[in-house]
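Results of the structural survey
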Amino acid sequence: MNKYLQFSPEVAYAINNRLPIVALESTIISHGMPYPQNLKVAEKLEKIAREMGVVPATICLMDGKIKVGLEKDDLKILAKAKNVAKVSSRDIGRILATGKTGATTVAATMKAAAWAGIKVFATGGIGGVHREAENTFDISNDLIELSRNPVIVVSAGAKAILDLSKTLEYLETFGVPVFGYKTDDFPAFYSAESSLKVDRVDSVKEIAEIYKINRELKLECGVLIANPIPKKDEIPFSEMDEYIQSALKKANKLNISGRDLTPFLLKEIVEITKGKSLETNIKLVENNVKLACEIAKEL
Ligand code: PSU
Ligand code: MN
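Please read all numbers here as calculations on a predicted model, not as lab measurements.

With that out of the way, let us pick up the overall build of the chain. A count of helices and strands for the chain gives 13 helices and 11 strands. Along the first, second and third principal axes, the C-alpha set of the chain runs to 50 × 40 × 35 Å. Counting across all 299 residues of the chain, residues that qualify as buried make up 58%. When contacts within the chain are restricted to residue pairs at least 6 apart in sequence, those whose partners lie at least 24 apart make up 74%.

Okay, here's the thing in structure tokens:
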């Protein structure tokens, strides 16, 4: 716990009464999806959690505080504002110091969740090792923070815009346990399967047990749960790859790199697929929130 954390009344109540809580990130709202769909999605995710008896804690930076749980107006500001900073772990201090509004990535949300004692966090897809990282060195801070915050992160694998096999290697190097939920395949975000294999878990009970043992052993790492998008909602990998290639070419041509790259690629892909990738993105996050809620209840 630290003095920068500011809990919404709902989340404060949940903490005091030991109710299950699921953390949600905000970069997906401000940088991952266009307005007004982003606001609708943010509200829907919170609704799904509440209907399952779990308190949602959407996390962002505002007025020099790390807000854990957002009230309706805050959510709106975040979804609408154009100048929201994308906050990874190294940016937390800088944005708190200026009092600006910042949306937290998976990395920064994990940190906040760990400080707040929240054990489960749902997102769409984590950041990872970018394609051609051997030239650009672009590797997401998400992977590092996964190795040093004891939070269970539920995602649909890593975004297909990344180099998935290098991402898995990197997670292994940093000692991050990765499990496919009811699958042996590492999911590729928009697609249920990639050809890459991961260890498998078949129940939330197993996940809770593994997490508890890791905590007893004082392992610092989180746990990455890779939850595939339901088959009926997916865009097959082969189809997706074509779109990704063309988005990557454009990014290269426009010299887009660093923290701007991921939001740019996601936006491009939404345009190329005429909104279909956005629908898929929404479905998979909803699916992840449901699983995260089940895990939180089990814990
Ligand atoms: N998944 C999405 N949309 C997003 C992201 C993930 O569907 O916008 C965000 C997450 O916040 C993730 C971040 O932590 O992209 C990774 O950015 P980078 O590659 O710059 O580390
Ligand atoms: Mn990066």
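Don't stop here, the text continues.
What follows concerns helix 3 (residues 37-51). Taking 1.5 Å of rise per residue, the 15 residues of helix 3 would be expected to cover 21 Å, and the 21 Å separating its terminal C-alpha atoms lies within 8% of that figure. Regarding helix 3, the residues found buried are Asn38, Leu39, Val41, Ala42, Leu45, Glu46, Ile48 and Ala49. Backbone geometry just downstream of helix 3 places glycine 53 in the positive-phi region, at approximately 80 degrees.

Contacts to ligand 1 come from 17 residues, most closely from Glu25, Lys86, Ser140, Asp142 and Thr262. For ligand 1, an oxygen atom lies 2.8 Å from a polar atom in the backbone of valine 106. Histidine 130 places a polar side-chain atom, nitrogen or oxygen, 3.5 Å from an oxygen atom of ligand 1. With the chains in place, 95% of the 480 Å² that ligand 1 exposes on its own is no longer accessible. Among the elements of the structure, helix 2 (27-30) and helix 12 (261-272) are those that each provide at least two residues to the shell around ligand 1. The residue inventory of the shell around ligand 1, partitioned by class, reads four nonpolar, nine polar and four charged.

Turning our attention to helix 12. Given a rise of 1.5 Å per residue, 12 residues ought to cover 16 Å, and the 16 Å separating the end C-alpha atoms of helix 12 matches this to within 8%. Counting buried positions along helix 12 yields nine of 12 residues, so the element is predominantly enclosed. All of the buried residues along helix 12 are Leu261, Thr262, Pro263, Phe264, Leu265, Leu266, Glu268, Ile269 and Val270. Next to the buried residues of helix 12 lie strand 5 (85-87), helix 11 (237-253) and helix 13 (276-298). Just past helix 12, the residue lysine 274 takes up positive phi, approximately 50 degrees.

With that out of the way, let us pick up a nonpolar patch on the surface. A surface patch of nonpolar side chains, amounting to about 280 Å² of accessible area, comprises Ile213, Leu217 and Leu219. Its relative accessible area of 58% is what places leucine 217 among the exposed residues.

Here we take up the pairing of strand 2 (residues 21-24). Neither face of strand 2 is left uncovered, since the one carrying Ile21 and Ala23 and the one carrying Val22 and Leu24 both have all their residues buried. Across four bridges, strand 2 lies against strand 3 (residues 55-62) in parallel orientation. Note on strand 3: the bridge partner recorded for valine 22 is proline 56.

The rules behind the values
- Residues numbered from 1 in each chain as written.
- Chains lettered and ligands numbered in written order.
- Predicted model: local features only at pLDDT ≥ 70, side-chain atom pairs only at ≥ 80, totals over all residues.
- Heavy atoms only, no water.
- Helix = DSSP H or I, 4+ residues; strand = E, 2+ residues; numbered from the N terminus.
- Buried < 20%, exposed > 50% of the residue type's maximum accessible area, 1.4 Å probe, protein only.
- Contact = heavy atoms within 4.5 Å.
- Expected span 1.5 Å × (residues − 1).
- Near = heavy atom within 4 Å.
- Polar contact = N/O pair within 3.5 Å; in protein donor to acceptor, adjacent residues only side chain to side chain.
- Areas by Shrake-Rupley, 256 points an atom, 1.4 Å probe, with all protein chains shown as cover.
- Nonpolar A, V, L, I, M, F, W, Y, C, P; charged D, E, K, R; others polar.
- Patch = residues over 30% accessible without salt bridge, like charges linked within 9 Å, V, L, I, M, F, W, Y side chains within 5 Å.
- Salt bridge = Lys/Arg side-chain N within 4 Å of Asp/Glu carboxyl O.
- Pairing = 2+ DSSP bridges.

All we've got here are geometric facts, nothing functional implied.
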